[in-house]
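Structural characterization, general
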Amino acid sequence: MFSFLFALFLAVSAENPVCQSRFDIEEELYKSIALHSDDIAVRRRYLQRYGSCISEEGINIIEERNVVVVEELDCSNPLDGVEFFFRNKKLCSRSVRFFPSKKVFTVKKKSAAISLPENWRYIETAETLLFFDSTAKFEEMSDTTGQILSKSEDGIFTNHLGKVVHPEFVYSKGNWEKVFPLREFFYLKIGRNDTFDAKIITENQLPYEKKELFELLGVKADETSEPLFAPSTCSLKGKGLKGIRIPKTEYLSDKESDHGTYKISLFYPDLQKKEALRSKTENYELEILFSDGKLEANLTIFVKKLTPEEALNIRAIFNREIPAFFVQAAK
């Protein structure tokens with residue numbers, strides 16, 4: 001009987017007039033939220049007052065007085081909550097987060113029902129939910145923090161200072177969209193008349209001294225121009241390439257994020273056509289295409305961090321399928 005009455009109380013409590021307008025009679029709480037939205041004490045005060053209004057499992061978003069409130073009731077994985085209780089002999093938690101004056105923001109994705117105000121929408125990646133007000137105006141190529149980004153032809157995003165950034169979402173052509181920024185790229189093409197073009201895009205620091213750079217990359221050629229540098233990018237041109245090291249993947253456990261795109265494109269006669277290789281999981285997708293004189297490898301990572309086991313599997317495929325060096329046999 002107690003369980004039934006408790007569940008009934010939760011069901012009808014949302015109809016309580018107090019639940020219909022959270023801030024009309026709570027001016028002090030409203031001011032605290034506006035000034036200290038991340039303060040855990042403020043979140044607890046809100047749950048003490050309105051916790052009984054959060055009666056349905058899932059994520060509920062309301063917007064009042066220019067404050068977006070994200071309420072959550074979780075009985076499946078309640079460990080991230082703020083307020084804990086038992087319902088029908090199951091441990092549950094309530095939590096709340098505030099986003100004053102926000103028209104777009106992200107939260108950690110959970111498998112839960114989502115309830116939104118009429119004008120709000122959401123899109124998702126493997127780990128993140130982005131919520132946005134569909135009636136609000138956003139600047140073209142802005143990210144969720146409001147900074148305006150530039151995107152190169154290669155797919156590199158930079159901010160107004162020219163610093164490389166790796167957004168998950170960008171506002172483009174009237175819509176928010178999820179993006180997978182280019183993080184690593186190696187390109188090599190042997191052209192006519194024995195010319196070559198090479199490009200390296202990497203988050204690792206490359207030496208600016210030509211001698212040190214060529215030693216790092218193992219470049220040996222009859223003629224080379226001066227390397228050209230741009231953010232995270234180095235380009236090489238020359239003639240009579242005898243050898244160059246083709247980079248391999250490396251898993252860095254202390255790296256903040258893996259999310260994005262990684263590519264290797266090789267164009268030279270010794271490459272032979274064979275069957276394409278594809279590997280896809282919930283966390284990444286890898287495709288390597290082969291044709292006569294051409295190899296293209298594309299890795300897209302959907303999550304912020306791969307597991308060491310996933311990284312090891314990807315590395316094994318790269319090591320097996322992609323040559324370690326380009327070497328031109330002596331004529």
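Heads up: the structure comes first, above all this text.
Residues numbered from 1 in each chain as written. Predicted model: local features only at pLDDT ≥ 70, side-chain atom pairs only at ≥ 80, totals over all residues. Heavy atoms only, no water.

**Focus: the pairing of strand β4 (residues 90-100)**
Every regular strand shows the same layout, with side chains that alternate between the two sheet faces. Let me state the cut-off plainly: Two strands pair under a simple rule: DSSP has to find at least two bridges between them. Only DSSP runs of H or I with at least four residues qualify as helices, and only runs of E with at least two residues qualify as strands; both kinds are numbered from the N terminus onward.
Bridge analysis of strand β2 (residues 67-74) against β4 gives eight bridges, and the strand direction is antiparallel. Among the inter-strand pairings, V69 is bridged to a residue of β4, identified as F98. As paired elements, strand β3 (residues 83-87) and β4 share five bridges and run antiparallel to each other. Looking across to β4, one finds that F86 is bridged to L91. Connecting β3 to the next strand, β4, in antiparallel fashion are two residues, including N88 with a positive phi near 55°.

**Considering the side chain of S257**
Cut-off, in case you're wondering: Counting of polar contacts relies on pairs of N or O atoms within 3.5 Å, with two restrictions inside protein: one atom must be capable of donating a hydrogen and the other of accepting it, and residues adjacent in sequence are counted only when both atoms are side-chain atoms. Whether two residues are in contact is decided by their heavy atoms, any of which lying within 4.5 Å being enough.
With respect to the helices and strands, the residue S257 is situated in the loop between β18 (233-245) and β19 (260-267). A distance of 3.2 Å separates a polar atom in the side chain of S257 from the backbone nitrogen of H259. When near neighbours in sequence (up to four residues on either side) are disregarded, S257 contacts R183, K304 and K305.

**Some thoughts on the sheet that holds strand β6 (residues 114-115)**
Operational definition: Axes here mean lines fitted to C-alpha atoms, for a helix over just the part in contact, with angles spanning 0 to 180 degrees between N-to-C directions.
The five strands lie next to each other as β3-β4-β2-β1-β6, forming an open sheet whose pairing is mixed. What marks the edges here is a single partner per strand, and that holds for β3 and β6. When strand β1 (residues 58-64) meets β2, the two strands line up antiparallel, connected through seven bridges. Within the sheet, the bridge partner assigned to E63 lies in β2 and is V68. Sheet contacts for helix α4 (residues 40-50): β1, β2, β3 and β4; angle to β4, the most-contacted strand, approximately 115°.

**Looking at the packing of helix α3 (residues 27-35) against α4**
Rule in force here: For a crossing to be left-handed, the near helix must be turned anticlockwise from the far one by less than a right angle; the clockwise case is right-handed. Nonpolar residues are Ala, Val, Leu, Ile, Met, Phe, Trp, Tyr, Cys and Pro. Charged residues are Asp, Glu, Lys and Arg, and all others, Gly as well, are polar.
With their axes 10 Å apart at the nearest point, α3 and α4 run at an angle of 145° to one another. In the packing of α3 onto α4, the handedness of the crossing is left-handed. Where α3 abuts α4, its residues E28, L29, S32 and I33 lie against V42, R45, Y46 and Y50. When the residues that make up the contact of α3 with α4 are grouped by side-chain class, the tally is five nonpolar, one polar and two charged.

**As for the pairing of β18**
Summarising the sheet, strand β15 (residues 195-201) and β18 pair through seven bridges and their orientation is antiparallel. Bridging across to β18, A198 finds its partner in L236. As judged from the four bridges shared by strand β16 (residues 220-224) and β18, these two strands associate in the antiparallel manner. Its bridge partner lying in β18, E223 is registered against K239. One ladder, built from three bridges, connects strand β17 (residues 228-230) with β18; its direction is antiparallel.

**Focus: the pattern of salt bridges**
Under the convention used in this document: A carboxyl oxygen of Asp or Glu within 4 Å of a side-chain nitrogen of Lys or Arg is what we treat as a salt bridge.
Inspection of the entire model under this criterion finds 19 salt bridges. In the salt-bridge network here, residues are joined through shared partners; they are E63, K103 and D133.

**Here we look at α4**
An α-helical segment advances 3.6 residues per turn. Residues three or four places apart therefore align on the same side. Going by this rule: Buried residues are those whose accessible area, probed at 1.4 Å on protein chains only, stays under 20% of the maximum for their type, while exposed residues exceed 50% and partly exposed ones sit between those limits. The arc in question is formed by the directions pointing from the helix axis toward the C-beta atoms.
Inspection of α4 places V42, R43, Y46, L47 and Y50 among the buried residues, and these make up the whole buried set. Each buried residue of α4 sits inside an arc of 140° when the element is viewed along its axis, so together they form one side. The residue sitting at the N-terminus of α4 and contributing the capping side-chain oxygen is D39; that oxygen lies 2.8 Å from the backbone nitrogen of A41.

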